[in-house]
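Inside the fold
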Amino acid sequence: MLNGHDLADYEQLPFCRLYEVKPRSYIDVGGEIFFFDHIDGLYSYCLNMNNEVVHIAAFAQVMPMQKKNP
């Protein structure tokens, strides 16, 4: 999982629907960071910063995060 220090190594990409995001990546939803594992029907399987499972709607607007190039 990412912590506050690791976030500096990531850049935010333009908003898109969650179903358009590459599985097993990080997303920003309203200023909160989640690890997006996969879509499971109408919802997704994600983990928050406390490793708790969160189910975000597959059609939700999210901001994907991508590791910066060194």
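Scroll up to find the structure.
A brief look at the structure comes next. (Residues numbered from 1 in each chain as written. Predicted model: local features only at pLDDT ≥ 70, side-chain atom pairs only at ≥ 80, totals over all residues. Heavy atoms only, no water.)

Comments concerning the pairing of strand β3 (residues 25-29)
Defined as follows: For each residue, the accessible area found with a 1.4 Å probe, counting protein chains only, is set against the maximum for its type, and the residue is called buried under 20%, exposed over 50%, and partly exposed in between. Helical segments are the DSSP runs of H or I of at least four residues, strand segments are the runs of E of at least two, and each set is numbered from the N terminus. In this scheme, strands are said to pair when DSSP sees at least two bridges between them.
The buried fraction of β3 is high, at 4 of 5 residues. In textbook terms, the turn of a hairpin is the stretch between consecutive antiparallel strands, and for β3 and strand β4 (residues 32-40) this stretch comprises 2 residues, one of which, G30, has a positive phi near 60°. Alignment of β3 against strand β7 (residues 61-67), held across 3 bridges, turns out to be antiparallel. Bridge pairing in β7 links Y26 to M65.

Overview of the nonpolar core
As a reminder, the rule being used: Here, nonpolar core refers to any group of buried Ala, Val, Leu, Ile, Met, Phe, Trp, Tyr and Cys residues whose side-chain atoms link them within 4.5 Å.
Grouped together as the largest cluster of nonpolar side chains are 11 residues: C16, L18, V21, I27, F34, F36, C46, I56, A57, A60 and V62. In terms of nonpolar packing, the next biggest core, distinct from the first, is built from 6 residues, Y10, Y26, L47 and M65 among them.

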